[in-house]
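Listed below are the residues making up each chain.
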Amino acid sequence: MQITDSKSFGNAVKRYRKEQNLTQSQLAAVANTSQRLISEIENGKTTTQLDKALHVAWVLGIRFNVPDKGNI
């Protein structure tokens, strides 16, 4: 899955959450955040804090790899 914007990021979070049979409330509890934040992430809200969004992704097991392009 290619992440190109906040909407596609939200779709990935939602997919991973559902694959793990978690509700938004359950994920919020595990990630020590609010259900509202989970909803905002999944809906692609562009003003969501990046550190919080990445933490939720990490809790779900979503990992991001940036390929090494050598010396740029």
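This text follows the structure it describes.
The notes below deal with the structure included here. (Residues numbered from 1 in each chain as written. Predicted model: local features only at pLDDT ≥ 70, side-chain atom pairs only at ≥ 80, totals over all residues. Heavy atoms only, no water.)

1. Points about the pattern of salt bridges
In total, this model carries four salt bridges according to the counting rule given. Among the salt bridges present, the one from glutamate 19 reaches arginine 15, with a minimum N-O distance of 3.2 Å. In this pair, glutamate 19 and arginine 15 are both assigned in helix H1 (residues 6-19), four residues apart and thus about one turn of the helix distant. Taking the shortest distance from any N to any O, the salt bridge between glutamate 40 and arginine 36 comes out at 3.1 Å. Of this pair, glutamate 40 and arginine 36 both sit in helix H3 (residues 35-42), four residues apart, which is roughly one turn of that helix. Through salt bridges with shared partners, a single ionic network connects Arg36, Glu40 and Lys45. (Salt bridge = Lys/Arg side-chain N within 4 Å of Asp/Glu carboxyl O. Helix = DSSP H or I, 4+ residues; strand = E, 2+ residues; numbered from the N terminus.)

2. Here we look at the side chain of arginine 17
By secondary structure assignment, the location of arginine 17 is in helix H1. For arginine 17, a relative accessible area of 7% translates into the label buried. If we ignore the near neighbours within four places in the chain, the residues touching arginine 17 are Leu22, Thr23, Gln24, Leu27, Glu42 and Leu60. (Buried < 20%, exposed > 50% of the residue type's maximum accessible area, 1.4 Å probe, protein only. Contact = heavy atoms within 4.5 Å.)

3. Considering the nonpolar core
It is characteristic of soluble globular proteins that their nonpolar side chains tend to be buried jointly. Of all hydrophobic cores here, the largest spans 13 residues; its most connected members are Phe9, Val13, Ile41, Val56 and Leu60. Listing elements by their share of this core, those giving two or more residues are H1, helix H2 (24-30), H3 and helix H4 (50-60). No other element matches H4, which puts four residues into this core. Every residue in contact with leucine 60, bar those within four places of it in the chain, is listed here: Val13, Tyr16, Arg17, Gln20, Leu22 and Leu27. (Core = buried A, V, L, I, M, F, W, Y, C linked by side-chain atoms within 4.5 Å.)

4. Section: H4
Among the residues of H4, Ala53, Val56, Ala57 and Leu60 are the ones counted as buried. Down the axis of H4, the buried side of the element spans an arc of 100 degrees, and every buried residue falls inside it. Turned more than 90 degrees from where H4 packs its buried face, Asp51 and Trp58 sit exposed. Once H4 finishes, glycine 61 follows within two positions and takes phi at roughly 95 degrees, a positive value. (Arc of directions from axis to C-beta.)

5. A closer look at H3
The set of residues buried in H3 consists of Leu37, Ile38, Glu40, Ile41 and Glu42. Elements in contact with the buried residues of H3: H1, H2 and H4. In the stretch just after H3, glycine 44 is the one whose phi turns positive, near 75 degrees.

So, to be careful, I would describe these as geometric facts and stop short of saying anything about function.
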